[in-house]
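Close look at the chain arrangement
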Amino acid sequence: MTTSTQPPAGIAPETTAVPARPVGAAPQGSGDQLLRPHAEQAFAAELAALAATDRRRRPPSWRLSPWAVVTYVLGGTLEDDTVITPKYIGSRRLVEVAVATLATDRALLLLGSPGTAKSWLSEHLAAAISGDSTLVVQGTAGTSEDAVRYGWNYARLIAEGPSKDAMVPSPVMRAMAGGSLARVEELTRMGAEVQDALITVLSEKTLPVAELASEVQAVAGFNIIATANDRDRGVNEMSSALRRRFNTVVLPLPATEDVEVEIVSRRVAQLGRALDLPAEPPAGAEVRRVVRIFRELRSGVTSDGRTTVRTPSSTLSTAEAIGVITGGLTLAAHFGDGRLSAEDVAAGLVGAVVKDPSTDPVVWREYLEGVVRDRDGWKDLYQACWDLDTEARGR
Ligand SMILES: Nc1ncnc2c1ncn2[C@@H]1O[C@H](COP(=O)(O)OP(=O)(O)O)[C@@H](O)[C@H]1O
Ligand SMILES: [Mg+2]
């Protein structure tokens, strides 16, 4: 008989087990090998530099002063010459109002169309203010009250009866206990009774635990950032009682083509670095074409204001424009010469525009024929889109 120190096939040796991060603990490490590091990992150096130079007053439990949080979000240069990259590109006043709200006893609701950076801004605000953006409740029709209050570890509950150790706190409860920010994503997709569970939390700043005849009281610094999609209106209206507890900040679509080109270019450059793409950064002209197409189809009129076009069912958000360019760059890097071509862009473009197969193809072809075909310098894109269309129809 042989003895072996090797574990039987299929059972991982114990040493490979990844130690779980203690629940509620701040994420560790620089996040270099992670597919998507949290904001507080990706920008740890910037946050540390801000904290080191920040001499303004910080609200209780805040890692930074409101001024430094706004600088982290919008970018700037510190007195020690550290450059803080802009995360959100948009109005300073809007970000100031959002940050100031979080220092009051009202919660913050970021409202806007899909892809207007609601989740993105919420993550960065939580990272800058609490150093932890991971206390998140994802709102869906299936989100239960446990996700907002607490649940139980049933094995322990049955073995030991209700106790503090058997309780599984929700991200909201952990944020209350730690004086930090909790994020609630897509608030209006949660059922009304789950939304209402937040009312006590926001008005009384306490979460009663009836089973233990106790409560968790919020430590100063606790607050909630919720996001909601303004296209979801009617899915689950927020009750007026809950709405009163929030200060609403509406995130707009980028006001001009130039601003949207800047947002897309910046994010594409960051994503390209994160994906380690060997492709060249895209020429501004290619980004501009995609952004112009998105804006024209979104608004229903060409950028010169001369021709009306039909709008497709798709949302065509800035986030999707970023996706089209990044996808194109990946094609160029792996299957092309590393330079973004019209063919690389076309595939993603059609995918983003044509969402409803019954109506969108017609809208798209009309746009191709009516606008793209005759535009100076756009022949390559027209041809690439048309070739794809022909291929798709099997001719
Ligand atoms: N104004 C903006 N400034 C910076 N990035 C933006 C802006 N608008 C959109 N983005 C980018 O688009 C994406 C928005 O995605 P997300 O935050 O998930 O949108 P939402 O939650 O509003 O649907 C992010 O990657 C973000 O970087
Ligand atoms: Mg979102």
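Below or above, wherever it landed, is the structure these notes cover. (Residues numbered from 1 in each chain as written. Chains lettered and ligands numbered in written order. Predicted model: local features only at pLDDT ≥ 70, side-chain atom pairs only at ≥ 80, totals over all residues.)

**Details of the nonpolar core**
Quick note on the threshold: What we call a nonpolar core is a set of buried Ala, Val, Leu, Ile, Met, Phe, Trp, Tyr and Cys residues whose membership is set by joining through C-beta atoms within 7 Å. The exposure label follows from counting other C-beta atoms within 10 Å of a residue's C-beta, where the C-beta atoms are placed from the backbone and the thresholds are 20 or more for buried and 12 or fewer for exposed, leaving partly exposed in between. For the purposes of this entry, the term helix denotes a DSSP run of H or I that reaches at least four residues, the term strand denotes a run of E that reaches at least two, and both are numbered from the N terminus.
In this structure, Val69, Tyr72, Leu125, Ala128, Ile129 and Ala226 are the most contacted members of the largest nonpolar core, which totals 60 residues. When residues in this core are grouped by element, the largest group, 6 residues, is from helix H5 (residues 118-130). One finds Val264, Ile322, Leu340 and Tyr367 within the second-largest nonpolar core, a separate group that totals 30 residues.

**Remarks on the site of ligand 1**
Rule in force here: Nearness here is judged by the C-beta atom: place it from the backbone, and if it falls within 6 Å of a molecule or strand, the residue counts as near that partner. Think of it as three bins: nonpolar holds Ala, Val, Leu, Ile, Met, Phe, Trp, Tyr, Cys and Pro, charged holds Asp, Glu, Lys and Arg, and polar takes everything else, Gly as well. Where each domain begins and ends follows an automated or database-derived domain assignment.
In the region of ligand 1, 18 residues are neighbours, and Ala117, Lys118, Ser119, Trp120 and Ala319 sit closest. Broken down by secondary-structure element, the contributors of at least two residues to the shell around ligand 1 are H5, helix H10 (257-274) and helix H12 (318-335). Looking at the shell around ligand 1 residue by residue, the class counts come to 9 nonpolar, 7 polar and 2 charged. In this structure, the shell around ligand 1 is formed jointly by two domains, domain 1 (36-251) and domain 2 (257-392), each of which donates at least three residues.

**Considering the environment of Ala166**
Put simply, the test is: Note on contacts: each residue gets a C-beta atom placed from the backbone, and two residues are in contact if those atoms are within 7 Å.
Mapped onto the elements of the fold, Ala166 is located in the loop between helix H6 (154-160) and strand E6 (167-169). Counting along the chain gives 12 residues from Ala166 to Tyr154, while the straight-line C-alpha distance between them is 7.5 Å. Not counting the four nearest positions on each side in its chain, Ala166 is found in contact with Trp152, Asn153, Arg156, Leu157 and Glu160.

**Quick notes on the sheet that holds strand E10 (residues 223-229)**
We count it as follows: DSSP-based pairing: two strands are paired if at least 2 bridges between them are found. Angles here are taken between N-to-C directions and fall from 0 to 180 degrees, while the axes themselves are lines fitted to C-alpha atoms, restricted in helices to the stretch in contact.
Read across the sheet, 5 strands follow the order E4-E7-E10-E3-E11 without closing on themselves; strand pairing throughout is parallel. Of all the strands in the sheet, the pair left with one neighbour each is strand E4 (136-138) and strand E11 (246-251). Neighbour-to-neighbour, the strand axes of this sheet turn through a mean angle of 20°, independent of strand direction. Where strand E3 (residues 107-112) and E10 come together, 5 bridges link them in parallel fashion. Residue pairing across strands places Gly112 opposite Asn229, the latter belonging to E10. Sheet strands touched by helix H4 (residues 92-102): E3, strand E7 (181-185), E10 and E11. Its angle to E11, the strand with the most contacts, is close to 160°.

**Brief notes about the packing of H12 against helix H13 (residues 342-353)**
The cut-off we apply is this: Less than a right angle of anticlockwise turn of the near helix away from the far helix marks a crossing as left-handed, whereas a clockwise turn marks it as right-handed.
Remark: H12 packs on H13, axes separated minimally by 8 Å, with the N-to-C direction vectors making an angle of 145°. Crossing of H12 over H13 shows right-handed handedness. On the side of H12, the interface is formed by Glu320, Gly323, Val324, Gly327, Gly328, Leu331 and Ala332, while H13 contributes Asp344, Val345, Gly348, Leu349 and Ala352. Grouping the amino acids of the contact of H12 with H13 by side-chain chemistry returns 6 nonpolar, 4 polar and 2 charged.

Geometric descriptors of this kind do not, in isolation, establish any biological role.
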